[in-house]
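# Structural features, examined
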Amino acid sequence: MSFPNPTPRPEGELEQLKRIWRPPSGLGFLTVVNNTYIGLFYVGAAVMFFVLAGILALIMRTQLAVPDNDLVSDGLYNQLFTMHGTMMMFLFAVPAVEAMGVYLLPNMLAARDLPFPRLSAFAFWAYLIGGSVFFLSIFWGLAPDGGWFMYPPLTSIEYSPADNADFWLLGIGFIEISAIAGAIEIVCGVLLTRAPGMSLDKMPVYAWAMLVFAGMIIFAFPAVILATLLLELERAFGWPFFIPGQGGDPLLWQHLFWFFGHPEVYIIFLPAAGMVSMIVPTIAQKPLVGYRLVVLAVIGTGVLSFGLWVHHMFATGLPQLSLSFFSAASMAVAIPSGIQIFAWIATIASGKVRLTTPSLFILGFLFIFTIGGLTGVMVAMVPFDWQAHDTYFIVAHLHYVLIGGMVFPLFAAFYYWVPVASRRALSEKVGRWVFGLMFVGVNVAFFPMHITGLIGMPRRVSTYPADLGWGDLNMVSTIGAYLIGAGVLLFLIDVARNFRITSADNAGNVWNAPTLEWLPNDNYATRSIPIVASRDPLWDQPGLAEDVEAGRYYLPNAPTGYRETIVTSPVTAEPRYIVQIPGPGWFHVLAAAFTAACFLLLTVKLVTPAIICGVLAVFFVLAWAWQLDPGPTHPPVDIGGGLKLPVYKTGSGSHSWWATICFLLVAGTTFLCMIFSYLFLWLSNVGDWPPAGTALPALSWASGSAALYLASALLAWGASRTLAAGRLWTSQGLLLLGALPALCGALGVDGWGFWQAGLRPQDHAYGAAVYTILCLTGVFAFTLAIFTPFLTLRAAFGRLDTARRASFDVGLLLFYYTAGQALVGLLLTHGFPRAVG
Amino acid sequence: MTVGGALILLLVLALTAYALLAAPETRGWLGSRRTILWGGIAFPTVTVTALLIYGLLVARGIVTPAVGEDVQRVEVVGEQFWWRVRYLDDDGRVLFETANELHLPVGRTVELALTSADVIHSFWVPALAGKLDMIPGRTNILRLRAERAGVYRGQCTEFCGVQHARMAFHAVALEAEAYDAWLREASGPAVEPATSGLREGRERFLQLGCGACHAVRGTGAAGVLGPDLTRIGSRQSLGAGMMPVTAENLAAWIADSQHLKPGNLMPPFDMLPDGEAQAIARYLESLK
Amino acid sequence: MTAMQGEDATPFLRWIGIVLPGFLIWGAHFGLVYGYVAVACTLDAGVGGTQAAVALATLAALLLIAGLFWGFVIRPGSRFNAGPATRFSRRLAWATALLSGGSVLLTALPALIFPGCA
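Residues numbered from 1 in each chain as written. Chains lettered and ligands numbered in written order. Predicted model: local features only at pLDDT ≥ 70, side-chain atom pairs only at ≥ 80, totals over all residues. Heavy atoms only, no water.

## As for the overall build of chain C
Here is the rule: Only runs of H or I of at least four residues qualify as helices and only runs of E of at least two qualify as strands under DSSP, and these elements are numbered from the N terminus. Any residue under 20% of the maximum accessible area for its type is buried, any over 50% is exposed, and the rest in between are partly exposed; the area is computed with a 1.4 Å probe on protein chains only. What makes two residues a contact is simply this: any of their non-hydrogen atoms within 4.5 Å. Shrake-Rupley sampling with a 1.4 Å probe provides the accessible areas, and residues are treated as covered by the protein chains on show and by no other component.
The number of helices and strands found in chain C is 4 helices and 0 strands. Reading the secondary structure of chain C in the N-to-C direction produces α-α-α-α. When each of the 118 residues of chain C is scored for burial, the buried share is 47%. Considering only contacts within chain C whose residues lie at least 6 apart along the sequence, 80% involve residues at least 24 apart. When the accessible surface of chain C is split by element, carbon and sulfur atoms take 72% of a total near 5600 Å².

## Describing the overall build of chain B
For clarity, the threshold we go by: A radius of gyration in this sense is built from C-alpha atoms; the matching globule rule multiplies 2.2 Å by the number of residues raised to 0.38.
Each helix and strand in chain B was counted, giving 7 helices and 10 strands. For chain B, the C-alpha radius of gyration of 26 Å lies well beyond 19 Å, the compact-globule estimate for 288 residues. In terms of principal-axis extent, the alpha carbons of chain B reach across some 95 × 45 × 35 Å. The 288 residues of chain B split such that 52% are buried. Put simply, of all contacts in chain B between residues at least 6 apart along the chain, 56% involve residues at least 24 apart. Working note: accessible area of chain B is about 12600 Å², and carbon and sulfur atoms make up 60% of it.

## Notes on unusual backbone geometry
All names here are of chain A. Between Pro152 and Pro153 the backbone carries a cis peptide bond, its omega angle lying at 5 degrees. Looking at where Pro153 falls in the secondary structure, it is placed in the loop between helix H4 (117–136) and helix H5 (164–192). Of note, the bond from Trp689 into Pro690 is cis; its omega dihedral lies within 30 degrees of zero at 0 degrees. Relative to the helices and strands, Pro690 resides in the loop between helix H20 (655–684) and helix H21 (699–724). Positioned with a positive phi, Asp68 is a non-glycine residue whose angle comes to about 50 degrees. Assignment of secondary structure puts Asp68 in the loop between helix H2 (35–64) and helix H3 (74–109). Unlike most non-glycine residues, Asp390 shows phi in positive territory, near 55 degrees. Following the sequence through the fold, Asp390 ends up in the loop between helix H12 (382–388) and helix H13 (392–421). Since its relative accessible area comes to 3%, Asp390 is described here as buried.

## Re the packing of H3(A) against H4(A)
Residues and elements named next belong to chain A. Filter applied, for reference: Helix axes are fitted to C-alpha atoms over the stretch in contact, other axes to C-alpha atoms as well, and angles between N-to-C directions run from 0 to 180 degrees. The labels follow the angle: roughly parallel below 35 degrees, roughly antiparallel above 145, roughly perpendicular from 65 to 115, and oblique for the rest. Two helices cross in a left-handed way if the nearer one is turned anticlockwise from the farther one by less than a right angle. They cross in a right-handed way if the turn is clockwise.
Relative to each other, H3 and H4 sit at 160 degrees, their axes nearing to 12 Å. Accordingly, the angle class assigned to the pair H3 and H4 is roughly antiparallel. Considering the relative orientation of H3 and H4, their crossing is left-handed. Across the interface between the two elements, Met83, Thr86, Met87, Leu91, Pro95 and Val102 of H3 pack against Ser120, Tyr127, Gly131, Phe134 and Phe135 of H4.

## So, the UniProt feature "transmembrane region" (unreviewed entry) in chain C
All names here are of chain C. Threshold: UniProt positions are given in the numbering used here, feature names are shortened, and annotations may be inferred rather than shown by experiment.
Here the UniProt feature "transmembrane region" (unreviewed entry) sits at residues 12–32, 52–72 and 92–114. The distance from the first to the last C-alpha atom of residues 12–32 is 28 Å, and the span holds 95% helix and 0% strand. Secondary structure content for residues 52–72 is 100% helix and 0% strand, and the end C-alpha separation is 30 Å.

## Considerations on the domain arrangement of chain B
Size of an interface, as often reported, equals the accessible area lost when the parts are brought together. Rules: These domain boundaries are the output of an automatic or database domain assignment.
Parsing chain B into structural domains produces domain 1 (2–63), domain 2 (72–187) and domain 3 (196–285). Put simply, the middle of domain 1 of chain B and the middle of domain 3 of chain B, counted by C-alpha atoms, are 59 Å apart.

## Remarks on the interface of chain A and chain C
Our working definition: Summed over both partners, buried area is the accessible surface (1.4 Å probe) that two parts give up on being assembled. Any Lys or Arg side-chain nitrogen found within 4 Å of a carboxyl oxygen on Asp or Glu counts as a salt bridge. Polar contact is defined as a pair of N or O atoms within 3.5 Å, subject to the rule that within protein one atom must be able to donate a hydrogen and the other to accept it, and that residues adjacent in sequence are counted only when both atoms are side-chain atoms. When residues are sorted by character, Ala, Val, Leu, Ile, Met, Phe, Trp, Tyr, Cys and Pro go into the nonpolar class, Asp, Glu, Lys and Arg into the charged class, and all the rest, Gly among them, into the polar class.
In this assembly, 51 residues from chain A lie in contact with 45 residues from chain C. Carbon and sulfur atoms make up 79% of the area that chain A and chain C hide from each other, which totals about 4100 Å². Of all residues in chain A, Arg292(A), Leu321(A) and Phe325(A) bury the most surface against chain C, accounting for 18% of the area lost on that side. At the junction of chain A and chain C, the tally comes to 0 salt bridges. Counting across the chain A and chain C interface gives 1 residue pair in polar contact (both at pLDDT 80 or more). Going through the elements one at a time, helix H8 (291–304), helix H9 (320–332), helix H10 (334–350), strand S2 (575–580), strand S4 (644–645) and H20 of chain A are the ones with two or more residues in the side of chain A that touches chain C. The dominant element in the side of chain A that touches chain C, judged by the number of residues it contributes, is H9(A), at 10 residues. Residues belonging to the side of chain A that touches chain C are distributed by class as follows: 35 nonpolar, 10 polar and 6 charged.

## Details of the nonpolar core
Threshold: To define a nonpolar core, start from buried Ala, Val, Leu, Ile, Met, Phe, Trp, Tyr and Cys residues and group those joined through side-chain atoms within 4.5 Å.
In terms of nonpolar packing, the biggest core is built from 403 residues, with Phe92(A), Met100(A), Trp208(A), Trp253(A), Trp417(A), Leu112(B) and Phe123(B) touching the most fellow members. The biggest single contributor to this core is H13(A), with 23 residues. In contact with Phe92(A), not counting residues within four places along its chain, are Ala46(A), Phe50(A), Met87(A), Met406(A), Val407(A) and Leu410(A). With 23 residues, the next largest nonpolar core counts Val216(B), Leu250(B), Trp253(B) and Leu272(B) among its residues.

## Some points on a nonpolar patch on the surface
Residues and elements named next belong to chain A. Note the cut-off: By definition, no residue in a patch forms a salt bridge, and every one has over 30% relative accessible area; like charges are joined within 9 Å, nonpolar side chains (Val, Leu, Ile, Met, Phe, Trp, Tyr) within 5 Å.
A surface patch of nonpolar side chains, amounting to about 340 Å² of accessible area, comprises Leu602, Val607, Ile611 and Val615. No other element matches helix H19 (residues 607–627), which puts 3 residues into the nonpolar patch. Within the secondary structure layout, Val607 lies in helix H19. What makes Val607 partly exposed here is its relative accessible area of 45%.

## Things to note about H4(A)
Under the convention used in this document: What a helix is expected to span follows from its residue count: subtract one and scale by 1.5 Å.
The terminal C-alpha atoms of H4(A) lie 29 Å apart, and with 20 residues this matches the ideal 28 Å at 1.5 Å per residue to within 8%. Counting buried positions over the 20 residues of H4(A) gives 14, a clear majority of the element.

## Structural notes on empty space enclosed by the protein
Any space left empty among the atoms is revealed by the rolling of a water-sized probe across them. The line we're drawing: Only protein atoms enter the 1 Å grid used here, on which a cavity is any set of points holding a 1.4 Å probe that cannot leave and a pocket is any open set flanked by protein within 12 Å on both sides along at least five of seven lines; residues with an atom within 4 Å of a point are listed as lining. Grid points are joined across faces, edges and corners, and a volume is the space filled by probe spheres set on the points.
Within the structure shown, the criterion is met by 5 cavities of 30 Å³ or more. In this structure, the largest cavity occupies an estimated 90 Å³ of space. Around the largest cavity, the lining comprises 13 residues; the ones closest to its centre are Thr36(A), Tyr103(A), Val420(A), Thr502(A) and Ser503(A). Looking at which element gives the most residues to the lining of the largest cavity, the answer is H2(A), with 3 residues. Its residues placed into classes, the lining of the largest cavity shows 6 nonpolar, 6 polar and 1 charged. Around the second largest cavity, the lining residues are Ile18(C), Val19(C), Pro21(C), Gly22(C), Ile25(C), Ile65(C), Leu68(C), Phe69(C), Val73(C), Ala93(C), Thr96(C) and Ala97(C). Elements represented by at least two residues in the lining of the second largest cavity include exactly helix H1 (10–19), helix H2 (21–43), helix H3 (50–74) and helix H4 (86–113) of chain C. In terms of residue count, H3(C) provides more of the lining of the second largest cavity than any other element does, 4 residues in total. Looking at the lining of the second largest cavity residue by residue, the class counts come to 10 nonpolar, 2 polar and no charged.

## Here's the deal with the environment of Pro4(A)
Residue and element names in this part refer to chain A. Of note, Pro4 is situated in the segment before helix H1 (13–21). Residue class for Pro4 comes out buried when judged on its relative accessible area of 14%. For Pro4 and Gly837, which are 833 residues apart along the polypeptide, the C-alpha to C-alpha distance reads 70 Å. Not counting residues within four places of it along the chain, the set of residues in contact with Pro4 comprises Ile531, Arg552, Tyr553, Tyr554, Gly640 and Gly641.

## A few points about the packing of aromatic side chains
What counts here: Each pair of aromatic rings taken from Phe, Tyr and Trp, with Trp reduced to its six-membered ring, is defined by centres within 6.5 Å and is described as stacked if the planes are under 30 degrees apart, edge-to-face if over 60, and tilted in the remaining cases. A ring is scored as having a charge over it whenever the NZ atom of a lysine or the CZ atom of an arginine sits within 6 Å of its centre and within 35 degrees of its normal.
Counted under the stated rule, the structure contains 86 aromatic pairs over all chains. Their ring planes at 45 degrees and their centres at 6.5 Å tell us that Trp168(A) and Phe257(A) sit as a pair that is tilted. In this pair, Trp168(A) is assigned in helix H5 and Phe257(A) in helix H7 (residues 250–284), connecting sequence segments 89 residues apart. Phe257(A) shares its class with Trp168(A); the two are buried. An aromatic cluster is built from Phe50(A), Phe92(A), Phe361(A), Phe367(A), Phe408(A), Phe411(A), Phe414(A), Tyr415(A), Phe435(A), Phe439(A) and Phe491(A), whose rings are joined through pairwise contacts. One cation-aromatic arrangement involves Arg760(A) over Trp755(A); the distance from NZ or CZ to the ring centre is 3.6 Å. Over the aromatic face of Trp124(B) sits the side chain of Lys131(B), whose NZ or CZ is 3.8 Å from the ring centroid.

Below, the structure is given as structure tokens:
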């Protein structure tokens, strides 16, 4: 076989790679961006929050061990279960699987790093700072106490006047943004930075799972972000979205929350299932049976899970027929889960499994998750759910699903992948005990809860009377909870004894696994980037590890002298260009810190300091963006095999274009959710929309505004054309003095039309909905009002020209999108009431 | 359904054990795509479709009201953290109001109009019917029927705030005659105090302004914020399922209900002189 | 292997085009029937009409899935159907079309049993 690059490699090449990719030391280590470090910190932080939320659970179980207990007060108990649920979902489960993705994906795809390493570092710091302060709120009695689902009107200002609810809304809203940043990173990483030859049909199942996971975050999280925004608008400014007396409807929150909340379960489960699909072939030493079907199952689960949200609202009194649609979808989603479970069983049967610790956790997962899945089918039956809903049966079900479906695979993954990240593997002997304690603990803790629930114990009660006979079962559950705690403690001890972070001299491929993350590694990832010809390259391509390490494959060096990796085409993974990746820096760290500070200060109503932090956050984001978009600094480089690749791309081939599109999908979904909210509120106020006494502005306001929105899009298009023709300053003029004022003017006309007609957002849900639609466009107008002058500044400093226009293209897409969204908004707010009235 | 679920679990476990432990030559057949097609696609498709149809048929039986039946209509309003219960006549007018207790005739359908005065609650008597939410601004209809006389416990199942755990009630199912008798008594005014001590208690009750929040029909007390106390002495519990209605419990509640059930809307009356709370409590306990 | 200098997002969008339309139509169908029932039951208008509406929407969805599948995947010379990942994508397209068609049918099933808004 002929390799792209000859050996021996020139002197000094390896040293250069090492120097370029070396993480900073000392205090500067905070600025590190390598995925191998950020990924590990991220996982570590997630485990920390897992332990903390687990401790909260142990306090609750102690309180519930005996009837009429008064270990904790009712108010504190409510904070405990709210925090336990919120932290496990938002601070542990989602970040943990995202963190594993940040750590594993580049290695598994043989990229040197993710395409936006500072973005993942930003997401990590924002999450760590925001999450920690959020947790600490419990020591001041300020922790949210409305349940992790935060149903209004309990969480409205009237029934929750203190800041507790704001901590949830702002704290979690902000962490959701960090999750979205991570998801965009993962989509771009999986689609654009796979090793040459790793076409979609050769992609590891884990990468598929992470791709679908990230896609689900992009489409599910906007719903909860919007819900959070609406509730905070109601709490802070009295816009009555959820107050029945003023046209609001508490059920709107439930729809939005569960439109996120149900996919959330699969958002957590799919990456874990992806890990299982990686580990099972290794422990069986045979390729995964039914790869295509598993990929189908992953995609199918991702899509179908969006049809389940009312599954959580069976007791709200909706028409039976409506409920049944969701019952049907809940049944349909059982089929992809069945496919995966039988694929794993078939793979196990085709090989010979050694009962190592990862295998044990996989088997435990199969058992626990199957029970959770079956009780899931039971509660998908509407009549059964009317009994089981909001009882301990559901507590049992959801813990079987989430612990079985996520925690056990994650622990299997810890034991399985630690040899990649550490000098020593974890102890097999201790691992068996960890597994045993956790497995027995989970079943002792949660199995009895099925019965406790069926005999009538509701969820979220701080105590229960002795005469109901619930005491013994609760005591058993408490004992089980402590067994789980002991298992986790033992795991932490094992980690402390054996986990030694390294990249260069890791424990190596101890399991004889087939995928690329087991190639020899260092801070620069693999020495050269292999050509992949199989789904299991390390099994099917003999000598791959040595050849990669010797530098015989692509890009064994750093031809531009910066951090770089190969961007390949999304479907067929053919090399397309070399992307220069940013290295360590302070700006994203400071941006994360000030963003977190801004949100947290807003929570406690320190508005002025919050604004100052917000301005600083924007400043550091811009400073960070200033260094991006390097332009074609270097002529095309030879990566081996006669392949000369450009080092810069613009347009729809560029990774920044893909990231922007992902972001616009988030924005578009948010807006769609707002359209849904508008129509939903109409349905609660049929015949009174707009409410009596409120006039619609004349159509001239709408048409004037529409003309200006169109003009802004056209002027932006003109700016793009003139830039392409080399007339930089005409282009800048069109954008800064044409498109931007037209956009702001259009928004002003739009908003003033409603205002002069007498509409106020505080009076009725109708007005609140109209002004929120305007605000969602306003957010983009505001962003562009900052970003357009930023582009002009770049042009002035020679950082923007006909060739170097990736950042200009980002602005262009934003202009187009904003005009489009605003026009749809106009049609809705002016057209719909006229159509139904 | 539970049995079916257990059987499927056993099947999965047995197959896994077989895949793990059987000799390689005998388990080979399991290691192919066929396994997924039959076990992972065909089998769940059939079971799940059958189950869905079965579930839909059961649900249809539950939600379809019987035509022309003589139903008792009751409005139940969830409040933080108790239940306002209003019996309605056939035209939907309020006959009388009570609290934390639902009396129903055995063998007759009772149609409950469920709503809420503040946050979302959920109405559930496990032995009688599934649960249904009480949502402010909406009215949900729950039909239930007790087949045997008895006292059934119910509890709020939607988290509704600090005292969610102590928001229970009792459903008392009575045979037809007993129910009619109860209905007659319950719709009348409160009993007159029989002794001077009880009259004294009523005086203090009215003078202290308890009537600003509570109603005792037949006296001047006509408050609507708190539970109606017209027949508090005959109820199953005090504080929405917390404790039996005794004079001691009532006195303790009056003196400091915030200690017993922190976060309920009743202010503490711990400034009352000695014996006064007891006098009121004895009066209330006599309201049967 | 050569670098594809001019390549943009089109191949990926085409790939999406052959693999995902079934699911997108499932989503549209789901939203449509749910929305229709919600509106009809609130307005007290379409009671009794729900069955016909769901049946119509279901028929349209199934035809659309079949039509798009034929046009994108089976029809000779479809532009959506080229490239090295073809065999894999075609199989995947088959499977997604079947799974989403089945899910559409399953979604429609309740309308057979519940005629109205109870």
